[in-house]
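Residues per chain are reported as follows:
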Amino acid sequence: MHPDIKKTWLETDVFIIDEISMINAQTFDLLHLIACEMKQCYDELFGGKQVIACDDFFQLPPVKGEFDFKSKIWQQYMTEVLVLTECFRQKEDLQIFGALNEIRFGQVSDQTIDYFITRCFEKDENLNTKYTRLFFRNMEVDIYNNNKMKGIKYEGDWFYATDVIKNPNIQCSFRIPAAVYLKIGAIVMLVRNINVEEGLCNDTIGTVILIENNTVWVNINKKEVKIECVKEEILDCSHAVVGSRLGLPLKLAFSFTVHKAQGSTMNKAVVEFNSKAFNNSLYYASLSRVCNINDIFIIIINKLELRKIFESITVDSDVLEFYKKYM
C-alpha cells in the first residue's frame, strides 16, 4: 500500500461512494477486506467506518460481475436504505419525468413512445453542431470525433507526449493521451485536474481558440484558459515513480459515451440510437441527461425502429426485487 493512502484511509470516518451501480459485488467486498485489514477489525463494515453509497441501480450496471447489493457484505451491513423520490433535474417538466420513469421501470406506454417520437430525427444536418453527441460505444465516439475534426477548415497541430518508463515490465496506463490532434474550434475535455479552485477539473469541456508552441488556449465557461503540458506519474507500492508522461491533458470531446455522461446534466444532447445499445439501461441514462423534452434529439433510422426499441425495453429483475423492499 502507498503509505499516504493508508494514512488517509485510517484517518477517514465516512466513505461516500458515488455511482455505486457501476461497482460490482466483488469490488465492494474487496474494498471491505482492504479496510478491515488496515484496521485489523473484521466484524464491522469497512473495519468500523461509515459507508454512504449513492446511485440509481436502474441506471448503468457494472461492466462485469453482479450488482454490489448481491454481495454478502452488502446484505450483512448495508441495511439502511433511503429511496429518494423528488425530481430536481426535470422538476420544470414533469411530463418528461413521468415518461423517463416508465423507461426506467421497463413499462413504456404507447403515449410515452409517441411523446419521444416527437424528438426523433432521421438525419442531423440541421442540428446545432455544438450540441453534445452521446454514443453507446467508445469506437463510435472516436469515429464521430475524427469526422468532426475533418470538417474544421483550419490547419491542425499534433501534440505528442513524452514517456519515461523506468521498469519495462510494468504496464503504465496514463490519462494523458500519447498524441492528440487539435484545431481551432475543436471541442476538448480536460483529462486531469489543473486548477480545482478555478473549475479546471477532469472532464471539464471547452473550445480551442488558439494554438501556440506546446500550448493551447481554450474557452472554458467563457474564460480564456492557457493549457500547457503537465506531468503524470505512475507510482509503485513503495511510492517510487515507475513511469511518467509529459503531455497535453486534453482529448477531443465533440461526443462521448453514455457511461462518461452518467451523473451529468446537459443543456442539449443528441443521442445516437442508430446503434443498438448493449444494455437497456443505456436508453434511460442517455435520455435523462436533459431537463426538458425539447433539449433532447434522438437520431435513428426511422420512427418505426424507435418504437420497436421502446417496446423491447426491460429492466433487470434483481434490481426490481431490490427496490420492491424499500418503495
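Just so it is clear, the structure is predicted and the values come from calculations on it, not from any experiment.

*Asks:* I tried to follow the overall build of the protein on my own but got confused; where do I start?
*Replies:* Within the protein, the secondary structure is distributed over 10 helices and 17 strands. Dimensions of the protein along its principal axes, counting C-alpha atoms only, are 60 × 55 × 35 Å. With 327 residues in all, the protein has 43% of them scored as buried. Restricting the contact set of the protein to residue pairs at least 6 apart, pairs at least 24 apart contribute 69%. Total accessible area computed for the protein in this model is approximately 18700 Å², and 49% of it derives from carbon and sulfur atoms. Averaging the positions of the 37 positive and the 44 negative side-chain charges in the protein gives two centres separated by 4 Å.

*Asks:* Help me understand the UniProt feature "domain: DNA helicase Pif1-like DEAD-box helicase" (unreviewed entry) in the protein, please; the structure alone is not making it clear to me.
*Replies:* When the UniProt feature table is mapped onto this chain numbering, "domain: DNA helicase Pif1-like DEAD-box helicase" (unreviewed entry) sits at residues 4-93. Strand forms 9% of residues 4-93 and helix 32%; the C-alpha atoms that close the span are 47 Å apart.

*Asks:* When you look at the sheet that holds strand β17 (residues 296-299) in this model, what are you seeing that I'm missing?
*Replies:* Strands in a sheet are paired, the pairing made by backbone hydrogen bonds, and the direction either parallel or antiparallel. Within the open sheet, the five strands sit side by side as β3-β17-β16-β4-β15. Their pairing is parallel. Every interior strand has two partners, whereas the edge strands, β3 (120-121) and β15 (255-257), have only one. For strand β16 (residues 269-272) and β17, the ladder comprises four bridges, and the chain directions are parallel. Paired with Ala269 across the bridge in β17 is Ile296. Against the sheet, helix α6 (residues 138-150) engages β4 (132-135) and β15, with an angle of about 175° to β15.

*Asks:* What is the right way to read a nonpolar patch on the surface from this model?
*Replies:* A cluster of nonpolar side chains, Val14, Ile16 and Ile52, forms an exposed patch at the surface whose accessible area comes to about 250 Å². If you trace the backbone, Ile52 turns up in strand β2 (residues 50-53).

*Asks:* Whenever I open this one, unusual backbone geometry confuses me. Can you help?
*Replies:* Across residues other than glycine, the phi torsion is negative in most instances, and most of the peptide bonds are trans. For Phe46, which is not glycine, the phi dihedral falls at a positive 55°. Take Phe46: it is sitting in the loop between α2 (25-39) and β2. In the Ramachandran plot, Lys222 falls in the positive-phi region, its phi being about 70° despite a non-glycine side chain. Overall, Lys222 belongs to the exposed group, its relative accessible area being 82%.

*Asks:* Sorry if this is basic, but what is going on with the pattern of salt bridges here?
*Replies:* Pairs can form between side chains of opposite charge once their charged atoms are near each other. Evaluation of the coordinates by the stated rule reveals 12 salt bridges. Between Lys70 and Glu66 there is a salt bridge; the shortest N-O distance is 3.2 Å. With relative accessibility at 31%, the residue Lys70 sits in the partly exposed group. Note that Asp295 is salt-bridged to Lys268, the shortest N-O span being 2.9 Å. Taken together, the residues span a long stretch of sequence, with Asp295 in the loop between α8 (281-287) and β17 and Lys268 in the loop between α7 (258-261) and β16 at a distance of 27 residues. Lys268 gets classed as partly exposed once you look at its relative accessible area, which sits at 29%. Connected via shared salt-bridge partners are Glu66, Lys70 and Asp318.

*Asks:* Please explain the UniProt feature "domain: DNA helicase Pif1-like 2B" (unreviewed entry) in the protein as it appears in this structure.
*Replies:* Following the UniProt record, the feature "domain: DNA helicase Pif1-like 2B" (unreviewed entry) maps to residues 177-209 here. End-to-end, the C-alpha atoms of residues 177-209 are 20 Å apart, and along that stretch the chain is 0% helix and 39% strand.

*Asks:* Even after reading the chapter, I still don't get the packing of aromatic side chains, so can you show me in this structure?
*Replies:* Aromatic rings in a pair are described by how distant their centres are and how their planes are angled relative to each other. A complete count under the given rule lists 24 aromatic pairs for this structure. Seen from their ring centres, Phe135 and Tyr144 are 5.4 Å apart, and the 55° between their planes marks the pair as tilted. Both residues of the pair, Phe135 and Tyr144, belong to the buried class. Residues Phe273 and Tyr283 carry aromatic rings whose centres are separated by 5.0 Å and whose planes lie at 65° to one another, so their mutual orientation is edge-to-face. Taken together, the residues Phe273 in the loop between β16 and α8 and Tyr283 in helix α8 connect sequence positions 10 residues apart. With respect to class, Phe273 is no different from Tyr283; both count as buried. In this structure, Lys153 packs its charged tip against the face of Tyr154, placed 5.7 Å from the ring centre.

*Asks:* Help me out: how do you make sense of the packing of helix α1 (residues 3-11) against α2 in this one?
*Replies:* For any two helices packed against each other, one specifies the crossing angle of their axes together with the interaxial distance. Taken N-terminus to C-terminus, the directions of α1 and α2 make an angle of 90°; their axes are 10 Å apart at the nearest point. The pairing of α1 with α2 is recorded here as roughly perpendicular in orientation. On α2, the residues touching Lys6, Trp9 and Leu10 of α1 are Leu31, Ile34, Ala35, Met38 and Lys39. Along the lines of polarity and charge, the residues of the contact of α1 with α2 split into six nonpolar, no polar and two charged.

Reading the values: the criteria
Position labels on residues start from 1 in each chain and follow its written sequence. In keeping with the model being predicted, local features are shown solely for residues with a pLDDT of at least 70 and side-chain atom pairs are shown and tallied solely at 80 or more, while totals for entire chains, interfaces and linings include all residues. Hydrogens and waters are ignored; side-chain quantities use all the structure's heavy atoms. Only DSSP runs of H or I covering at least 4 residues are called helices, and only runs of E covering at least 2 are called strands; the numbering of each starts at the N terminus. Burial classification: accessible surface area is computed with a 1.4 Å probe over protein chains only, and a residue below 20% of its type maximum counts as buried, one above 50% as exposed, and the rest as partly exposed. Contacts are assigned to residue pairs with any non-hydrogen atoms lying within 4.5 Å of each other. The Shrake-Rupley method, run with a 1.4 Å probe, gives the accessible areas here. Residue values count only the displayed protein chains as cover. In this charge count, Lys and Arg are treated as positive and Asp and Glu as negative; neither His nor the chain ends contribute. The atom standing in for a charge is NZ when the residue is Lys, CZ when it is Arg, CG when it is Asp and CD when it is Glu. UniProt positions are given in the numbering used here, feature names are shortened, and annotations may be inferred rather than shown by experiment. At least two DSSP bridges between two strands are needed for those strands to be called paired. Each axis is a line fitted through C-alpha atoms, and for a helix only the stretch in contact is used; angles between axes span 0 to 180 degrees, taken between their N-to-C directions. The patch calculation keeps residues exceeding 30% relative accessible area without a salt bridge and links them within 9 Å when they carry like charges or within 5 Å when they are nonpolar (Val, Leu, Ile, Met, Phe, Trp, Tyr). The term salt bridge refers to a side-chain nitrogen of Lys or Arg lying within 4 Å of a carboxyl oxygen of Asp or Glu. A pair of Phe, Tyr and Trp rings is counted when the ring centres sit within 6.5 Å of each other, with Trp represented by its six-membered ring. The angle between the planes then sorts it: under 30 degrees is stacked, over 60 is edge-to-face, the rest tilted. Note on criteria: charge over ring means Lys NZ or Arg CZ within 6 Å of the ring centre, with the direction from the centre no more than 35 degrees off the ring normal. In what follows, roughly perpendicular refers to angles from 65 to 115 degrees, roughly parallel to angles under 35, roughly antiparallel to angles over 145, and oblique to any angle outside these ranges. Classification used: nonpolar for Ala, Val, Leu, Ile, Met, Phe, Trp, Tyr, Cys and Pro, charged for Asp, Glu, Lys and Arg, polar for all others including Gly.

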